[in-house]
Amino acid sequence: MADAHAVPHHDYHLVNPSPWPLVASIAVTIMMIGAVVWMKGLAPAESGPVVAALLAKGDKALFFAGLAGVLVSMFGWWSDVIKESRGGDHTPVVSLGLRYGMMLFIASEVMFFVAFFWMFFDMALFNEARTLIPSIGAWTDTAAAWSTWPPKGVELLDPWQLPLLNTIILLLSGTTVTWAHHALQVGDRKGAKLGLLITVLLGALFTGVQAYEYQHIIHEHLFFNDEAANSGLYGSIFFMATGFHGFHVLVGSIFLLVCLLRLYAGQMSPEKHFGFEAAAWYWHFVDVVWLFLFAFVYVAFG
């Protein structure tokens, strides 16, 4: 009888049974249901104290419980991947598969943002077509608000202030992450740590500037005011596109921070550092998306 634990005669890595796919799926489901509860609610307040406490609109407990599960799953799952890599399981064939996987992931992210740009360009380029649609009831006021782009009453941000600052920050971070990657490739671990530290700090600065920008928009009622009634689509597209990009910057910053901690822990080498390479790819993708957002959302149609 063949030995079930014999050394495999192939270049592929068959992973051990892992709880993380199931745990992550359950956690994501709970988090998404929690998001619906937080924003809309799944039960009225009069449905009973226990049900209302968990499912009434505005309750955040379910969302953050799911989020905690997602974070634990990410930490556990990716820790296992790092252990597999350090254990020699990432053969050249496996490493190539990881690269293809990261490329496909970034391609899916590209299409994610294409959807937002599609909506924005449809409204910005063909807004006059709304005036040709027969006016019916409440649609009359909405069609009138959308007849110009940006809609009448919407106060735009000056692209040459905070948006330009964030553009400079991201472009600079793109150069520092490239510096860090090149330094690691040639064995300069000190330079890699410094370049990566600066990149993480620039990512945090970008997030802070964007948070301040959002606070200014909301506090000054730039997109939502009496004069801009029925024109909320502009604000929705703006916050969805720039907000999800900001979320990607946050995720990328954490990704790079983990790489920095691994460098300080003595991990990664000039020959084997795909985790850092994947993080750099992701960061450059985030940079390019921002250039499109700045050029079209802030400047061209501002």
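Below, the structure is looked at part by part. (Residues numbered from 1 in each chain as written. Predicted model: local features only at pLDDT ≥ 70, side-chain atom pairs only at ≥ 80, totals over all residues. Heavy atoms only, no water.)

A closer look at unusual backbone geometry
Rule in force here: Runs of H or I in DSSP of at least four residues are treated as helices and runs of E of at least two as strands, each being numbered from the N terminus. The buried label goes to any residue with under 20% of its type's maximum accessible area, the exposed label to any with over 50%, and the partly exposed label to all in between, with areas taken from a 1.4 Å probe on protein chains only.
Even without being glycine, His221 reaches a positive phi, approximately 55°. Along the chain, His221 turns up in the loop between helix H7 (189-219) and helix H8 (232-264). The residue Met268 is not glycine, and still its phi comes out positive at about 70°. Under the relative-accessibility criterion, Met268 is labelled buried at 10%.

Notes on a nonpolar patch on the surface
The condition that has to hold: By definition, no residue in a patch forms a salt bridge, and every one has over 30% relative accessible area; like charges are joined within 9 Å, nonpolar side chains (Val, Leu, Ile, Met, Phe, Trp, Tyr) within 5 Å. For accessible areas, the Shrake-Rupley method is used with a probe of radius 1.4 Å. Any residue's cover is judged against the shown protein chains and nothing else. What makes a salt bridge here is a side-chain nitrogen of Lys or Arg within 4 Å of a carboxyl oxygen of Asp or Glu, nothing more.
Together, Leu71, Met74, Trp77, Trp78 and Val81 make up a nonpolar patch on the protein surface, roughly 480 Å² of accessible area in all. Within the fold, Trp78 resides in helix H3 (residues 61-86). On the basis of relative accessible area, Trp78 is assigned to the exposed category, the value being 53%.

What about H8?
Quick reminder of the rule: The span expected for a helix works out to 1.5 Å for each residue beyond the first.
The end-to-end C-alpha distance of H8 is 47 Å, a good match for the 48 Å that 33 residues give at a rise of 1.5 Å each. Where H8 terminates, the next one or two residues include Gly266, which has phi positive at roughly 85°.

Quick word on the packing of helix H4 (residues 92-125) against H8
Going by this rule: Fitting a line to C-alpha atoms yields each axis, with helices limited to the stretch in contact; the angle taken between N-to-C directions then spans 0 to 180 degrees. Each angle is binned into one of four classes, with values under 35 degrees roughly parallel, values over 145 roughly antiparallel, values of 65 to 115 roughly perpendicular, and all other values oblique. Helix crossings are classified by the rotation of the near helix relative to the far one: an anticlockwise turn of less than a right angle makes the crossing left-handed, while a clockwise turn makes it right-handed. Whether two residues touch is decided by their heavy atoms; if any such pair falls within 4.5 Å, the residues are in contact. We call Asp, Glu, Lys and Arg charged. Ala, Val, Leu, Ile, Met, Phe, Trp, Tyr, Cys and Pro are nonpolar, and the rest, Gly among them, are polar.
At a minimum axis separation of 9 Å, H4 and H8 run at an interaxial angle of 160°. Taken together, H4 and H8 sit at an angle that is classed as roughly antiparallel. At the point where H4 passes H8, the crossing takes the left-handed sense. Across from Met102, Glu109, Phe112, Phe113, Phe116, Met119, Phe120 and Met123 in H4, the residues of H8 making contact are Leu233, Tyr234, Ile237, Met240, Ala241, Phe244, His245, His248 and Phe255. Class assignment of the residues belonging to the contact of H4 with H8 gives a composition of 14 nonpolar, 2 polar and 1 charged.

Regarding the environment of Ala61
Along the chain, Ala61 turns up in helix H3. For Ala61, a relative accessible area of 47% translates into the label partly exposed. Along the backbone, Ala61 and Met31 are 30 residues apart, and their C-alpha atoms lie at a distance of 9.6 Å.

Points about the side chain of His273
With respect to the helices and strands, the residue His273 is situated in the loop between H8 and helix H9 (274-300). Apart from residues lying up to four places away in sequence, His273 is in contact with His181, Leu184, Gln185 and Met268.

Brief notes about the nonpolar core
This is how it is decided: Note on terminology: a nonpolar core comprises buried Ala, Val, Leu, Ile, Met, Phe, Trp, Tyr and Cys residues joined through side-chain atoms within 4.5 Å.
Ranked by internal contacts, the top residues of the largest apolar core, which has 54 residues, are Phe120, Trp149, Leu196, Phe238, Leu256 and Phe276. Counting residues per element, the ones that place at least two in this core are H4, helix H6 (162-185), H7, H8 and H9. At 15 residues, the largest contribution of residues to this core is made by H9. When sequence neighbours within four positions are dropped, the list of residues in contact with Phe276 reads Val177, Ala180, His181, Leu184, Leu196, Leu256, Cys259 and Met268. Core analysis: the next-biggest nonpolar cluster, separate from the first, contains 5 residues, Ala27, Ala35, Phe63 and Val70 among them.

Structural notes on the pattern of salt bridges
Taken as a whole and assessed by the stated rule, the structure comprises 1 salt bridge. Arg99 is the salt-bridge partner of Glu277, the closest N and O atoms lying 2.8 Å from each other. Taken as a pair, Glu277 in helix H9 and Arg99 in helix H4 lie far apart in primary sequence, 178 residues in all. By relative accessible area, Arg99 is classed as partly exposed at 24%.

Note that all results are geometric; they support no functional claim without further evidence.
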